[in-house]
Amino acid sequence: MAYSFHFSQVWPFLPYLLGGAWVTVELAACAFGGGALFGLLVAIGIESAPGWLRGPLAFYRSFFTNTPQLVKILLIFFGLGELGWFVPPFWAAVFGLLLAESAYLAEIFRAGFASVNRAELDAAETIGLTRMQTLRHVTLPHLLQTVFPPLANQFIVSILYTSLGAIIGVEELTGRAFNVDSQTFRSLEIFIIVGVLYVALTLVSTAVLYGFGRFVLGVRARIF
Amino acid sequence: MLHSLLSELPRFFGPYNLLFLAQAIGVTIALTIVGCGIGYNFGFALALLRVQRIIDIPPLRWSAIGFVELVRRLPFLVLLFLVMFGFQAGGYTLTGMAVACITIILRAAAIASETVRAGLESVHPNQWDAAATMNLSRLDQLRHVVLPQAWRVILPPAMIQFIQLLKATSIASQISVIELTYAGKIMNQKGFSATLSYGTVLILYYVLCLAVERVVRRMEKRLVLPQHH
Amino acid sequence: MSFLSITEIDASYGAVPVLRGVSLQVARGQVVGLIGPSGSGKSSVLRAITGLLRLTAGEVALDGSAVDYANPASLRALRDRVAIVFQQYNLFQNMTALANVTLAPILAKRRDHREVEAEAMALLEKVGLADHMRHYPRELSGGQQQRVAMARALALKPELLLLDEVTSALDPELVNEVLDTIGLLAADGMTMLIVSHEMAFIREVADQVVFMDEGRVVETGPPQHVLDHPCSERAQRFAAKILRRQWRPKTP
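Bear in mind that the values here come from a model prediction, so they are computed numbers and not experimental data.

**Describing the overall build of chain B**
- For chain B, the helix and strand inventory stands at nine helices and zero strands.
- Written out in order from the N terminus, the α and β elements of chain B read α-α-α-α-α-α-α-α-α.
- Counting all 229 residues of chain B, 44% fall into the buried class.

In structure tokens:
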């Protein structure tokens, strides 16, 4: 192999790349947060909305889970640009990712609702709990247990999806890798470092989420 | 805006463009099928390395775990570039198609290994034990007892993952593979609006994925039928 | 001389010891019942004999020669002569009853297809399931499945049959059909080591009873002794609880 590694040329850019990692987390948090909100509404909608609304909602879920993230982002960024709305790349990426996130999260929430046991609710009623009390002490804890692991898993998946933002110029980790590449041309070294950073990012996130789940919520489960 | 969009339609769906889009769809499908076809086999082998009942060689097991965890924790885009620059550094110049194919194979292998492993572990230990105490070789245990039962657990997620990999091929557009997303970019460059170009591409992907889903559902029905020894 | 001789075996599941210095003998043609409270290690003894549980001490000898569980050839030879039936999930779900019975003789013993099939059909008839040969396990009741499991064990022509609480997972009305089948085998002279909670059955069928508690053998002897007049205090408490088993209100 004739290639000689020159990591020395890339090390100086490490702080810059780490800054990109932070943008990655911001992007993921926004997309995930928005997706969770939307997804919750869609899930509640599918469960309890009038019949005529359920069809469109189901279609919404189907459409956004069966289409590539990249194309959504490109459509939003360039499509809106054509209409005269110049959306900043960051927000175009957020919105593009959010649409799919909401669809996946809606499915997770729906499964959570379905898992709440009829028998548990009946038992709560017969021992005299009010609806509010039942919600707080029976339904919510159970829901959290069911919903937290896949939710945490999905967050880590969304961290990986943020790399698509680089394609429309977002300066998250992958975007910054492109920038460093155009300056130093040490492509392999750069992407090795970036790869390591992504692995580290997901490992740290997994640990944090696991810890949060276990010690704050009392949920023991494998995440990612 | 709607007016200009409508006026574009006849030119957009002209015969030459339709052929172009069809070819791009072909590339997308080919990439997915070849990538998954080869990748799933590797994934199966990786899963066997991880199930101690079948193969118990710690260095191989840890290598398999390392590989799977690494590939899972990388964005597809980064994996793509790592493969491309990796081969370049090794002195091989591969076509974009080859790089994309290899990347899908790697990804499919990693994901499939987890699915297969979960499937194998879903079979009750007594089934393994009964077969072992009857002096069936590990290969026979796998082939005749465990695997036939594990398929039911393996195939549904495997099919969902196929669709996910189909969507991932869109990222190959970044290394100039002329698949469906790249086709959208070309249409845009040719002068059509981005909304029309990417919008059409989006809908085409949706139709593709739905078609695959339908095929999957039909296959699932066939699999529920019992197998004869 | 004993056919099966277990001497001072120890075994653990991880850090938890399940067998502590267990010894027992089974002579040819004998039926030995293994009884005791849950967690006493009864099933572990059977699993250890067939090599499903690793021994940390002690020795198991079959027909005079010690078994080397680390040696594949020795293990194979053992499994050739000893068959085990579990409490549940015995039958291979993806094949018919007949296929279940013919699989191992064809694959492991490499015998002729037609010969094996003829024998399998005869065995299934013997356990009373001739009409259900082509049925899948999910189409059979628990009792029927366990009877197929025993036919399957017999197809291997074992010299020792181990039964691990084979009726414990069954609905009460299905238990007797399985016990009847075991009784048949005992009458035929099959050497058996039976772990069971069915005390009346054990008293009838067993030549020897071994009472275990907390991984140790507490008492050994003929059923009348161990079940009706046990010497050790632990066995006495167990027997007392068994006697009360046919529920009656406590006398005030």
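**Points about the nonpolar core**
- Ranked by internal contacts, the top residues of the largest apolar core, which has 202 residues, are B:Leu80, C:Leu124 and C:Leu162.
- The element contributing the most residues to this core is helix α5 (residues 96–121) of chain B, with 14 residues.
- Residues within four places of B:Leu80 in sequence aside, it is in contact with B:Val99, B:Ala100, B:Thr103, B:Ile171, B:Ala172, B:Gln174 and B:Ile175.

**Thoughts on unusual backbone geometry**
Residues and elements named next belong to chain C.
- In this structure, Arg 110 is a non-glycine residue whose phi angle is positive, near 50°.
- Position of Arg 110 relative to the elements: it lies in the loop between α3 (97–107) and α4 (113–126).
- A count of 8 C-beta atoms within 10 Å places Arg 110 in the exposed class.
- In this model, Glu 165 sits at a positive phi of 50°, which is unusual for a non-glycine residue.
- With respect to the helices and strands, the residue Glu 165 is situated in the loop between β7 (160–164) and α6 (172–187).

**What about the sheet that holds strand β4 (residues 55–62) of chain C?**
Residues and elements named next belong to chain C.
- Spatially, four strands are ordered β2-β1-β4-β5 in an open sheet, and the strand pairing comes out antiparallel. Either end of the sheet is taken by a strand with one partner, and the two such strands are β2 (16–27) and β5 (65–66).
- Bridge analysis of strand β1 (residues 2–13) against β4 gives six bridges, and the strand direction is antiparallel. Each bridged residue has a counterpart across the sheet, and for Ala 11 the counterpart in β4 is Leu 55.

**Concerning the sheet that holds β7(C)**
Residue and element names in this part refer to chain C.
- Strand order in the open sheet formed by six strands is β6-β7-β8-β3-β9-β10, with mixed pairing between adjacent strands. The two strands at the open ends of the sheet, each matched to only one other strand, are β6 (82–85) and β10 (216–221). Strand-to-strand twist in this sheet, taken as the mean axis angle between neighbours without regard to direction, amounts to 15°.
- Direction of pairing for strand β9 (residues 208–213) relative to β10: antiparallel, over a ladder of five bridges. Considered in β10, the bridge of Asp 213 is made with Arg 216.

**Notes on the packing of helix α2 (residues 15–50) of chain B against helix α7 (residues 138–168) of chain B**
All names here are of chain B.
- Contact geometry of α2 with α7 gives a least axis separation of 9 Å together with a crossing angle of 135°. The pairing of α2 with α7 is recorded here as oblique in orientation. The handedness of the crossing between α2 and α7 comes out as right-handed. Facing α2, whose interface residues are Thr 28, Thr 32, Gly 35, Cys 36 and Tyr 40, α7 presents Ala 158, Phe 162, Leu 165 and Leu 166.

**Some details on the interface of chain B and chain C**
- Chain B puts 17 residues into the contact, and the matching count from chain C is 21 residues.
- Of all the secondary structure elements, the ones that give two or more residues to the side of chain B that touches chain C are α6 (125–133) and α7 of chain B.

**Regarding the confidence of the model for chain C**
- Across chain C, the average pLDDT comes to 91, with 96% of residues at or above 70.
- What the predictor reports for the complex is a pTM of 0.88 with an ipTM of 0.90.

**Observations concerning helix α7 (residues 173–184) of chain A**
- For α7(A), which comprises 12 residues, the first-to-last C-alpha distance of 16 Å matches the rise-based estimate of 16 Å (1.5 Å per residue) to within 8%.
- Of the residues making up α7(A), those classed as buried are A:Leu173, A:Thr174, A:Gly175, A:Arg176, A:Ala177, A:Val180 and A:Asp181.
- Contacts made by the buried residues of α7(A) are with α1 (14–48) and α8 (187–217) of chain A together with α4 (76–89) of chain B.
- Count one or two residues on from α7(A) and you reach A:Phe185, which has phi positive near 60°.

**Quick notes on the environment of A:Asp122**
- Along the chain, A:Asp122 falls in helix α5 (residues 118–126).
- In sequence terms A:Asp122 and A:Thr134 are 12 residues apart; their C-alpha atoms lie 9.8 Å from each other.

**Observations regarding the interface of chain B and chain A**
- Contacts between the two partners involve 33 residues from chain B, matched on the other side by 30 residues from chain A.
- Breaking the side of chain B that touches chain A down by element, the ones donating at least two residues are α4, α7, α8 (180–189) and α9 (194–223) of chain B.
- At 10 residues, α9(B) tops the list of elements feeding residues into the side of chain B that touches chain A.

**Focus on the arrangement of the chains**
- Taken together, the two pairs of chains in contact show their highest number of contacts between chains A and B.
- Between chain A and chain C there is no contact; the minimum C-alpha to C-alpha separation amounts to 22 Å.

**A closer look at the packing of α1(A) against α7(A)**
All names here are of chain A.
- Where α1 contacts α7, the two axes come as close as 7 Å, and the packing angle between them is 150°. Considering their axes alone, α1 and α7 lie roughly antiparallel with respect to each other. On α7, the residues touching Tyr 16, Leu 17, Gly 20, Ala 21 and Thr 24 of α1 are Leu 173, Gly 175, Arg 176 and Ala 177.
- Considered class by class, the residues forming the contact of α1 with α7 number five nonpolar, three polar and one charged.

**What to know about α3(C)**
- Here α3(C) lies mainly inside the structure; nine of its 11 residues are buried.
- Along α3(C), the positions that sit buried rather than exposed are C:Ala97, C:Leu98, C:Ala99, C:Asn100, C:Val101, C:Thr102, C:Leu103, C:Ala104 and C:Pro105.
- Turning to α3(C), the residues buried within the fold contact α7 of chain B together with α4 and α5 (142–155) of chain C.

**Points about the environment of A:Leu203**
- Locating A:Leu203 in the fold gives a position in helix α8.
- Sequence spacing of A:Leu203 and A:Gly213 is 10 residues, and the spatial spacing of their C-alpha atoms is 15 Å.

**Considerations on the confidence of the model for chain B**
- With 97% of its residues at a pLDDT of 70 or more, chain B has an overall mean of 91.
- Scored below 50 in pLDDT, residues 225–229 of chain B makes seven contacts in the model with residues more than four places away or belonging to other chains.

**Observations concerning the environment of B:Arg152**
Residues and elements named next belong to chain B.
- Topologically, Arg 152 is positioned in helix α7.
- When the 16 C-beta atoms within 10 Å are taken as the criterion, Arg 152 is described as partly exposed.
- As a C-alpha pair, Arg 152 and Val 212 span 60 residues in sequence and 18 Å in three-dimensional space.

**Some details on the pairing of β7(C)**
Residue and element names in this part refer to chain C.
- Buried residues dominate β7, accounting for five of its five residues.
- Of the two faces of β7, the one lined by Leu 160, Leu 162 and Asp 164 and the one lined by Leu 161 and Leu 163 are each fully buried.
- In terms of strand pairing, β6 meets β7 through four bridges, oriented parallel. Considered in β7, the bridge of Val 85 is made with Leu 163.
- Between the parallel pair β7 and strand β8 (residues 192–195), the chain is carried across by α6, and the sense of this crossover is right-handed.

Scoring rules and cut-offs
- Residues numbered from 1 in each chain as written.
- Chains lettered and ligands numbered in written order.
- Predicted model: local features only at pLDDT ≥ 70, side-chain atom pairs only at ≥ 80, totals over all residues.
- Helix = DSSP H or I, 4+ residues; strand = E, 2+ residues; numbered from the N terminus.
- Buried ≥ 20, exposed ≤ 12 C-beta atoms within 10 Å, placed from the backbone.
- Core = buried A, V, L, I, M, F, W, Y, C linked by C-beta atoms within 7 Å.
- Contact = placed C-beta atoms within 7 Å.
- Pairing = 2+ DSSP bridges.
- Axes fitted to C-alpha atoms, helices over the stretch in contact; angles between N-to-C directions.
- Parallel < 35°, antiparallel > 145°, perpendicular 65-115°, else oblique.
- Left-handed = near helix turned anticlockwise from the far one by under 90°.
- pLDDT = per-residue confidence, 0-100.
- Expected span 1.5 Å × (residues − 1).
- Nonpolar A, V, L, I, M, F, W, Y, C, P; charged D, E, K, R; others polar.
- Right-handed = clockwise from strand over helix to strand, strands pointing away.

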